[in-house]
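In case you want the letters, here they are:
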Amino acid sequence: MYKVCLTDGTFKEIDNPLELPGITEIDHIEEPTILARIMAPNDSIGDMLALVSEKRGICNNTETIDETRVMLTCSLPLNEILVDFNDRLKSITHGYGSMDYDMAEYQTASLQRMEIMVNAETVDAFSTIVHVEKAEARGRVLCEKLKEILPRQMFKVALQAAVGGKIIARETISAMRKDVTAKCYGGDISRKKKLLDKQKKGKKRMKQIGSVSIPQEAFVQILKSGS
């Protein structure tokens, strides 16, 4: 749940990126934070601190538990730990790390809505609220992931990430190509050219009116790609 302070001084609570008001209506946005207690082996402390910093967190205290373990007390935005934080923690500590946390206060942050467009159509389910400094990198990750997941069409499909109407990342899924000249034998060049021109025009029409079917598993995999 985010708290949006509007320019008229009122607050609006939202839990869906699609509910975020226009940028001209927003004075600032506050996000929920957590106080995390992270148990980790001594030799993982450097990598753990780097992970916390990457996730916009601050380490408030480091406490030695015994000869092999330390406890880090950290403040982090809730949004930054929801997707892959625990997996990264386990990877860094080779399975020996653990974390528990309590909800903390709300803090003002530079946040904005990022939209993902497939074939020039916004896919509401892929909309997300991101930090300004992470928007471009996050957009690239999502577009690259979608390029891997979505099936190819008979026409090129543009995958775009946009913030406030500005495109910040783009990938293109290349079109499937059917060999329309397979039955042309010998040196019938003119017929081949006509067939290829006809195919090209057909693909152009398909791109203009075609829609891209997004498999259900794509939504799950995108959620898991929060790096």
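Refer to the structure printed above.
Residues numbered from 1 in each chain as written. Predicted model: local features only at pLDDT ≥ 70, side-chain atom pairs only at ≥ 80, totals over all residues. Heavy atoms only, no water.

(A) Main features of helix α2 (residues 85-92). For α2, every residue scored as buried is listed here: F85, L89 and I92. The buried residues of α2 occupy one face: seen down the axis, they fall within an arc of 70°. Exposed residues lying more than 90 degrees from the buried face of α2 are D87 and S91. In the core, the buried residues of α2 are packed alongside β3 (26-41), α1 (45-54), β5 (69-77) and β6 (98-109). (Buried < 20%, exposed > 50% of the residue type's maximum accessible area, 1.4 Å probe, protein only. Helix = DSSP H or I, 4+ residues; strand = E, 2+ residues; numbered from the N terminus. Arc of directions from axis to C-beta. Contact = heavy atoms within 4.5 Å.)

(B) Focus on unusual backbone geometry. Look at R56: it is not a glycine, yet its phi comes out positive at around 65°. Assignment of secondary structure puts R56 in the loop between α1 and β4 (58-64). A positive phi angle is found at A120, which is not glycine, with a value near 70°. Positionally, A120 belongs in the loop between β7 (111-118) and β8 (121-122). Relative accessible area serves as the criterion here: at 61%, A120 is assigned to the exposed category.

(C) Summary view of the packing of α1 against α2. Between α1 and α2, whose axes approach to 10 Å, the crossing angle comes to 165°. In terms of axis orientation, α1 runs roughly antiparallel to α2. Every pair of crossing elements has a handedness; the one defined by α1 and α2 is right-handed. Counting all contacts with α1, which are made through D47, M48, L51 and E54, the residues of α2 involved are F85, R88, L89 and I92. Of the residues that constitute the contact of α1 with α2, the class distribution is five nonpolar, no polar and three charged. (Axes fitted to C-alpha atoms, helices over the stretch in contact; angles between N-to-C directions. Parallel < 35°, antiparallel > 145°, perpendicular 65-115°, else oblique. Left-handed = near helix turned anticlockwise from the far one by under 90°. Nonpolar A, V, L, I, M, F, W, Y, C, P; charged D, E, K, R; others polar.)

(D) Just helix α3 (residues 135-149), in detail. With 15 residues, α3 should reach 21 Å at 1.5 Å per residue; the first-to-last C-alpha distance of 21 Å fits that figure. Of the residues making up α3, those classed as buried are A135, R138, G139, L142, C143, L146 and I149. One face of α3 carries all of its buried residues, which in axial projection span an arc of 130°. (Expected span 1.5 Å × (residues − 1).)

Any functional reading would require information that these geometric values do not contain.
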